[in-house]
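Survey of secondary and tertiary structure
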Amino acid sequence: MTGDTCGFDGVPGSLIAALRHLATTPQLTVALDFDGVLAPLVDRPGEARGDDRSLRAISDLVALSGTTVVLVSGRSLDSLRAVSGSPDKVLLVGSHGAEYDLGEGNAGISITNEEKRALTELRRAMHDVLERHPNARLEDKPAGCALHTRGLAPDAAHAAQRDASRTVGQRVPGVTHRAGKDVLEFSVVSATKGDAMQRLRLHTSATAMLYAGDDVTDEDAFAALEIGDVSVKVGEGATVADHRVHGTVEVSQMLRVLAADRRNHLLGA
Ligand SMILES: [Mg+2]
């Protein structure tokens, strides 16, 4: 942290204390949502970039022994890889826990033939919706589709989302719906970020985990945490998380505190 003149006023004292304790766990897993947590929200998802200070703190963390960092996003793995700018050692979970790249050459998704058929029909249905709401944007994902309405007038966004819900409900019943910030997602796989946290806990043999997220879909991850873990809600909104910070700047402060504490603990300082 030499040369770092920024303060850490945005990190509440209770969270600093929790991080200090977390830093002493034998096997630490730091799991982070990307959009709205590492990267400020932007209108065009392809232009999102992680905060430089957060990315440096992540590089510091993954260089330490017994420390794993994972990005857990609603983006597809390909999209997450393209924007994350994170070191190779960072593990990736995409599509809300339907896609994994755990650094073992096993990246990808497995879906059944029935789910493949549902996916084809879902894509057809969503393209029909887009014809009726051309200012909305459609994002194809490996296991579903996302309708983006960021930048639309509230009435137009609401109409597009309602049309999508009704159309998909009629034509592809049983598909999972997820509402996020200016986005409505449909998936033929019902995985959540909570499932991802359980898998990551086992995969990394974590003795304690941190999760930070800003959206409603992150609540599943918070709910999957256990005693001794640390949950951090970023921004406004109801949450089951134990701590809250304001935005991406405060996330970078939090990560720098954790990286410094972890390094000091491992060095026996
Ligand atoms: Mg987010």
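Scroll up to find the structure.
Everything in this summary refers to the structure shown in the same document. (Residues numbered from 1 in each chain as written. Predicted model: local features only at pLDDT ≥ 70, side-chain atom pairs only at ≥ 80, totals over all residues. Heavy atoms only, no water.)

1. Examining the overall build of the protein chain
- Scanning the protein chain for helices and strands turns up eight helices and 11 strands.
- The C-alpha atoms of the protein chain give 19 Å as radius of gyration, which agrees with the globular expectation for 269 residues (18 Å, within 12%).
- Counting across all 269 residues of the protein chain, residues that qualify as buried make up 53%.
- As presented, the protein chain carries roughly 12300 Å² of accessible surface, and 49% of it is formed by carbon and sulfur atoms.
- For the protein chain, the separation between the mean place of its 29 positive charges and that of its 37 negative charges on side chains is 2 Å. (Helix = DSSP H or I, 4+ residues; strand = E, 2+ residues; numbered from the N terminus. Rg over C-alpha atoms; globule rule 2.2 N^0.38 Å. Buried < 20%, exposed > 50% of the residue type's maximum accessible area, 1.4 Å probe, protein only. Areas by Shrake-Rupley, 256 points an atom, 1.4 Å probe, with all protein chains shown as cover. Lys, Arg positive; Asp, Glu negative; His and termini not counted. Charge placed at Lys NZ, Arg CZ, Asp CG, Glu CD.)

2. Some words on the nonpolar core
- One finds V30, L32, L210, M254, L255 and L258 to be the most contacted residues of the largest nonpolar core, which totals 39 residues.
- Those elements that provide at least two residues to this core are α1 (13-22), β1 (28-32), α2 (52-62), β2 (67-72), α3 (77-84), β9 (208-213), β10 (230-234) and α8 (248-267).
- Per-element accounting of this core gives the leading share, six residues, to α8.
- With residues up to four places along the chain from it excluded, the contact list for M254 reads V11, L15, L19, L210, A212 and V232. (Core = buried A, V, L, I, M, F, W, Y, C linked by side-chain atoms within 4.5 Å. Contact = heavy atoms within 4.5 Å.)

3. As for empty space enclosed by the protein
- Under the criterion given, the structure shown has two cavities of 30 Å³ or more.
- By volume, the largest cavity amounts to about 460 Å³.
- Lining the largest cavity are 27 residues; nearest its centre among them are D35, H148, K181, V183 and D215.
- Counting residues per element, the ones that place at least two in the lining of the largest cavity are β5 (137-141), β7 (176-180) and β8 (183-187).
- Partitioning the lining of the largest cavity into residue classes produces five nonpolar, six polar and 16 charged. (1 Å grid on protein atoms, 1.4 Å probe; cavity = no way out; pocket = protein on both sides within 12 Å on 5 of 7 lines; lining within 4 Å. Points joined across faces, edges and corners; volume = space filled by probe spheres on them. Nonpolar A, V, L, I, M, F, W, Y, C, P; charged D, E, K, R; others polar.)

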